Amino acid sequence: MELTPLFQWIDTQLISLVEWLGLPIWFAELLEMVLAAVAVLLMAFLIVLFLVWWERKLSGHFQQRLGPMRTGWHGWLQTIADGLKLFQKEDIIPTNVDRKVFFWAPVVCFASSYAAFAVIPWGEGVIPTDLNIGILYILSITTFVVISLLMAGWSSNNKYALLGGMRSAAQIVSYEVPLTLSVLGVIMMTQSLSMVAIVEAQESVFSWFIWRQPLGFAIYLVAAVAETNRAPFDIPEAEQELVAGFNIEYSGMKFAMFFLAEFLNLFLVSAIATTLFLGGWQGPFLPSWLWFILKTTFVIFVIIWFKWTYPRLRVDQLMEFCWKVLLPLAFLNLIISGFLFRG
Amino acid sequence: MADHDSILKLLTERFPGKVSALELTPAQTAVSVEAASIVELFTFLVESADLKMNYLSTITGIDRTDHIEIVYFVSSLEHKHMLTIKTKVDRIGGKIESIQHIIPAANWFEREVWELYGVDFVNHPDLRRFLLPDDWDQGNPMLRDWDGRDFIRMPEVQ
Amino acid sequence: MNEATPSQYSEEFEVNMGPQHPSTHGVLRLMLRMNGENIVRATPYIGYLHRAIEKICENRTYAQCIPLLDRFEYVTSMASEEVFVLATERLAAVEVPERAEYLRVIMLEFNRIASHLIFLGTFSLDLGAITPFLYCLREREQIMDLFEMTSGQRLTYNYIRVGGVAYDIPEDFLPLARKFVDTFQHRIDDYEAILTQNPIFLARTKNVGIISKDIAVNYAASGPVLRASGVKWDLRRDDPYSIYDRFKFDIPTGTVGDTWDRYMVRVQEMRQSNEIVRQALDQLPQGDYKTKMKAVFKPPVGECYARIENARGEMGCHIISDGSTKPYRVKLRGGSFCHTQLIPAIAPGMMIADLVATFASLDVILPEVDR
Amino acid sequence: MGIISKLPVYMENVPGGTIVTTSLEKVLNESRASSLWYLLFGTACCAIEMMCAGASRYDFDRFGMFFRASPRQADLMFVAGTISHKMAPRVKLLYEQMAEPRYVIAMGGCACSGGPFYYDSYAVLKGVDKIIPVDVFLPGCPPRPESLMEACIKVQQKVKKEKLQDWSSDRRG
């Protein structure tokens, strides 16, 4: 039940349509790209709708309560209701706020995490564009999130937002380094940056990189959790200290964009984890895209599990943990994988 | 564990004119002191070896219609005994020495008595309003003859 | 302006942890003067919950004051009723039957456990761990059922009256209470499993917000805060009231006086209270639950200061009576009042996260501060 | 909210337009009712009952009600507990910071009318409706979590009955 024949059929239909209209051939390519982008956008919205509902249900059951029940069977309409409600909310732009920066911050935040979906391999041959520098592209594009947090923190003209913005920028920038190093370990073994090549290098279950790079996987997971401001590292939005961190002044659709981007980041980070360490879409008999979805959901479950058990780290402990613990471990991991897997 | 009589005897000899024993209905070691020598008494209470009363439970202000009475409750954690100290201050514009530099706990207790009863505590570090709203202009509410803008008294139900 | 840090470009700014802030328990405003992440000066502003309970009590009879006392300290209402009733009974030399004394001790200790459960919940909530909050409230609901069964209310009981208690306990109170007392032991082990050995929790609480012994005594700290600083002072043992001398329980004390010690002292105290309730349930005598009181209760002229060991330290009530049916003056003293006074003394140099953790460990609730 | 507020006026004269507005209205109201995020704001004993209502046994999350720390993102405000004169301006400020379709539940006797502190107290505001418009008054001192749930259901019913037209007129000034 692979999806590649479906894409070939769409491809031929598009070309015949373009010829029938007498347009130049490259127009079909353009149309295909637009279609792919729209498909990924739809997939992104669907994922976020599911994830928000799933986190509330999971957190409910962790805490021995039920989570949303009233809106639809077991509350599956809950996130749609939240989205529609946020759509109707008054869009407050406080007076002494830097208007343009205030307006563009959520857009940059959402755009950067959405742009990274261009190279996520959903399944066999199901990948928007197979860049040969796939993983490098992702790591660089996701740093735009830092800029958007700073923009939000600075422009809201609110002390808490400023503190929240500064803290999140410091946190994400410093956790970028161990994240990249742990990814480097995997790339050393596959000799290629392209996501598809990484996945193909892990055919059988025993050849997954998690077995050959356990330390790398651990560092990646911890750094990824810090990258998305979640769980023990969620200091920017620490309710107790900074009320709501950088998105304190945002309401209505602007807040929804931040909310969307946060969950998109969560999915992105776990998608990369499955591609790099858990063998992407490789799996015995289920269709490839189903394997990819199952593995990513498992990683998301673990990250959500972190959030509802661990207390929060202090800012300086967080930085100390990154530079004095995670970084040396990442270097060690590089050395080990260099020795063990020469050539 | 110095008991009732020995504390009273010790204090009355130490401050002959100023401190005198007091009998209260439920028996307790109580002493009345002049407002002027309050600081002297507290320095002695804190420093003296066999008393060592440095734990101030609370300070109460009472409006006795012709004067304002201030009651200090001091106890010692080592010897486990407690002493009630009562002083009198005149009702309007009463002045008394602040014991904040001897026992820091008195800071907020004195501030409260100042705000609600109007007793002025001399050289208290920051006598500022902290219980009532900042724009409060209706005097000291705890005095018994006080009446305010939207202050509704409960009607007597016979 | 910036004597704290040598760099001449840094500038201090004021942050207002306002009256509406998730981490301040209730409505306390902390004006923090910050230099980057560190606090230079913290000044608490209180009075946002000042309800003038003492002024109201001056125009109420003794029986009418008790519901007001419930709202004075609403997390441990039984304790605030007990302190008022203790002072009145000492003033008027009223005898309380044995069964009433035992019922009072059982209710007081259950209330202490419920209060410490709220502390454990909000303390871990302020450190970011959300799940223990829900577990603690789940246990607390069982205690709420017991209270509701006897006094009819979940939070403001109006149960302890002058001369005894309001109602006798229903039949199915004892089995339920025993069941709770037996299972509660393992529940505390569950909480300790999540929090006590958790490295992040240790990093956030060890050696944070240290209150030395002399600061604690000078600022009249009391209860778990005083004991965590190493002073072995518990009013149930050192200024005995009611029938606490008939129960065997020990007083947990800390050593350093940091946030971790305050947390540990309260967790151990929950175990001790559990033991006290078990012994009280075993020795519960039969008999009537309140003495015969005259309809119009007029205590003699005089004054009395009673103090009891509440979950938040020494709770005192100074009653002055002029012989009429209404108290001439009622002065209430709560432990949180002095603990809030501590903050400016220990806050300089801390970071915001530490101040939040320390303030949560002081377990301050605002009605005691503002009255 | 420009487009939405003029929508019902144009839809009237389009044939069959009213069915569209009523069905659209139903969907919008339904979504607004079933995701009321409440502001974490409690002053006195009612705040403890509100905590219990949010905890495992009575669980607000079943109604889709999730607490938000910042007033900007909240649309339901529980005034839980006594409001003193010193706190009144802050409550008003908080109410004004909330985004427009906002609702207020005056929880407990103190918020409704000053409760046990009505007589002889010089510092208590006699009812929060003197400073902010209140949607549902909830008696009780403190009200049980079940009655708090009932108040929330009443607010939800009120939201479901709202018309799209009254969006065009500025509702509460």
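Residues numbered from 1 in each chain as written. Chains lettered and ligands numbered in written order. Predicted model: local features only at pLDDT ≥ 70, side-chain atom pairs only at ≥ 80, totals over all residues. Heavy atoms only, no water.

(A) A look at the overall build of chain C. A tally of regular secondary structure across chain C gives 14 helices and eight strands. Its C-alpha radius of gyration of 21 Å places chain C within 12% of the 21 Å reference for a compact globule of 371 residues. Projected onto the principal axes, the alpha-carbon positions of chain C cover approximately 75 × 45 × 30 Å. The buried share of chain C, taken over its 371 residues, is 70%. Taking all contacts inside chain C whose residues are at least 6 apart in sequence as the whole, residues at least 24 apart take part in 71%. Approximately 10,700 Å² of chain C is accessible, and the part contributed by carbon and sulfur atoms is 55%. Charged side chains of chain C number 42 positive and 48 negative; the gap between the two group centres comes to 4 Å. (Helix = DSSP H or I, 4+ residues; strand = E, 2+ residues; numbered from the N terminus. Rg over C-alpha atoms; globule rule 2.2 N^0.38 Å. Buried < 20%, exposed > 50% of the residue type's maximum accessible area, 1.4 Å probe, protein only. Contact = heavy atoms within 4.5 Å. Areas by Shrake-Rupley, 256 points an atom, 1.4 Å probe, with all protein chains shown as cover. Lys, Arg positive; Asp, Glu negative; His and termini not counted. Charge placed at Lys NZ, Arg CZ, Asp CG, Glu CD.)

(B) The arrangement of the packing of aromatic side chains in detail. In this structure the tally under the stated criterion is 55 aromatic pairs over all chains. A ring pair is formed by A:Phe117 and A:Trp122, whose centres lie 6.3 Å apart and whose planes are at 25 degrees; its orientation type is stacked. Each member of the pair, A:Phe117 together with A:Trp122, is buried. Aromatic ring contacts, followed pair by pair, group A:Phe50, A:Trp53, A:Trp54, A:Phe62, A:Phe301 and A:Trp305 into a single cluster. Here the basic side chain of A:Lys307 rests over the ring of A:Trp308, its NZ or CZ set 5.6 Å away from the ring centre. One Lys or Arg, D:Lys86, reaches over the ring of C:Tyr48 and ends 5.2 Å from the middle of that ring. (Phe/Tyr/Trp six-rings, centres within 6.5 Å; stacked < 30°, edge-to-face > 60°. Lys NZ or Arg CZ within 6 Å of the ring centre and 35° of its normal.)

(C) Up close: the sheet that holds strand 2 (residues 29–35) of chain C. Residue and element names in this part refer to chain C. The three strands are arranged 1-2-3 in an open sheet whose pairing can be described as antiparallel. The open sheet has two free edges, formed respectively by strand 1 (13–17) and strand 3 (38–45), since each of these has just one partner strand. Strand-to-strand twist of the sheet, defined as the mean angle between neighbouring strand axes without regard to direction, takes the value 25 degrees. Here strand 2 runs beside strand 3; their pairing, made up of seven bridges, is antiparallel. By the bridge assignment for strand 3, Met31 is matched with Thr43. Packing of helix 13 (residues 352–362) onto the sheet brings it into contact with strand 1, strand 2 and strand 3, and relative to strand 2 it is tilted by some 150 degrees. (Pairing = 2+ DSSP bridges. Axes fitted to C-alpha atoms, helices over the stretch in contact; angles between N-to-C directions.)

(D) Geometry of the environment of C:Cys317. All names here are of chain C. By the secondary structure assignment, Cys317 is in strand 7 (residues 313–321). Cys317 sits ten residues away from Arg307 along the chain, and the two C-alpha atoms are 6.4 Å apart. Leave out the neighbours within four places in its chain, and Cys317 touches Val83, Phe84, Ala87, Cys304, Tyr305, Ala306, Val330, Lys331 and Leu332.

(E) Region of interest: the interface of chain D and chain A. Contact residues are listed per partner, giving 30 residues for chain D and 30 residues for chain A. Here chain D and chain A share an interface that buries about 2,700 Å² over both sides, 57% of which is from carbon and sulfur atoms. Looking at the side of chain D facing chain A, the largest losses of area belong to D:Trp37, D:Arg62 and D:Arg72, adding up to 23% of the total buried there. Here chain D is connected to chain A by six salt bridges. D:Asp75 is the salt-bridge partner of A:Lys85, the closest N and O atoms lying 2.9 Å from each other. The interface formed by chain D and chain A includes 20 residue pairs in polar contact (both at pLDDT 80 or more). Of the residues forming the side of chain D that touches chain A, the biggest block, four residues, is contributed by helix 2 (residues 17–33) of chain D. Among the residues making up the side of chain D that touches chain A, the classes are represented as 14 nonpolar, eight polar and eight charged. (Buried area = accessible area lost by both parts, 1.4 Å probe. Salt bridge = Lys/Arg side-chain N within 4 Å of Asp/Glu carboxyl O. Polar contact = N/O pair within 3.5 Å; in protein donor to acceptor, adjacent residues only side chain to side chain. Nonpolar A, V, L, I, M, F, W, Y, C, P; charged D, E, K, R; others polar.)

(F) Fine view of the interface of chain C and chain B. With 45 residues of chain C in contact, the opposing surface of chain B contributes 47 residues. When the area that chain C buries against chain B is broken down by residue, the three leading residues are C:Lys55, C:Glu303 and C:Tyr328, summing to 18%. For the pair chain C and chain B, the interface holds six salt bridges. Here B:Arg64 makes a salt bridge to C:Glu303, at a shortest N to O gap of 3.7 Å.

(G) Representation of the confidence of the model for chain D within the structure. Residues and elements named next belong to chain D. Residue-level pLDDT values for chain D average 84, and 89% of them are 70 or greater. Mean pLDDT across the elements of chain D ranges from a minimum in helix 7 (residues 165–168), with 62, to a maximum in strand 5 (residues 136–138), with 93. In the model output, the complex is listed with pTM 0.91 alongside ipTM 0.88. (pLDDT = per-residue confidence, 0-100.)

(H) Quick look at the pattern of salt bridges. Tallied over the full model, the rule gives 67 salt bridges over all chains. With its nearest N and O atoms 3.6 Å apart, the salt bridge here joins B:Asp137 to B:Arg149. With B:Asp137 in the segment after strand 7 (120–122) and B:Arg149 in the segment after strand 7, this pair connects stretches of sequence that are twelve residues apart. Overlapping salt bridges, with partners in common, bring together C:Glu109, C:Arg112, C:Arg227, C:Asp234, C:Arg236, C:Glu269 and C:Glu309 in one network.

(I) Main features of the arrangement of the chains. Among the five pairs of chains that make contact, the interface with the largest number of contacts is formed by chains B and C. You won't find any contact between chain A and chain B; their C-alpha atoms come no closer than 24 Å.

(J) Quick look at helix 10 (residues 214–227) of chain A. All names here are of chain A. Over its 14 residues, helix 10 runs 20 Å from end to end, which matches the ideal 20 Å to within 8%, given 1.5 Å per residue. Counted residue by residue, helix 10 has ten buried out of 14 residues, so it is predominantly covered. Of all the residues in helix 10, the buried ones are Gly216, Phe217, Ile219, Tyr220, Leu221, Ala223, Ala224, Val225, Ala226 and Glu227. Buried residues along helix 10 sit in contact with helix 7 (159–190), helix 9 (209–212), helix 12 (253–277), helix 13 (288–307) and helix 14 (315–340). Remark: Asn229 follows helix 10 within two positions and exhibits a positive phi of approximately 50 degrees. (Expected span 1.5 Å × (residues − 1).)

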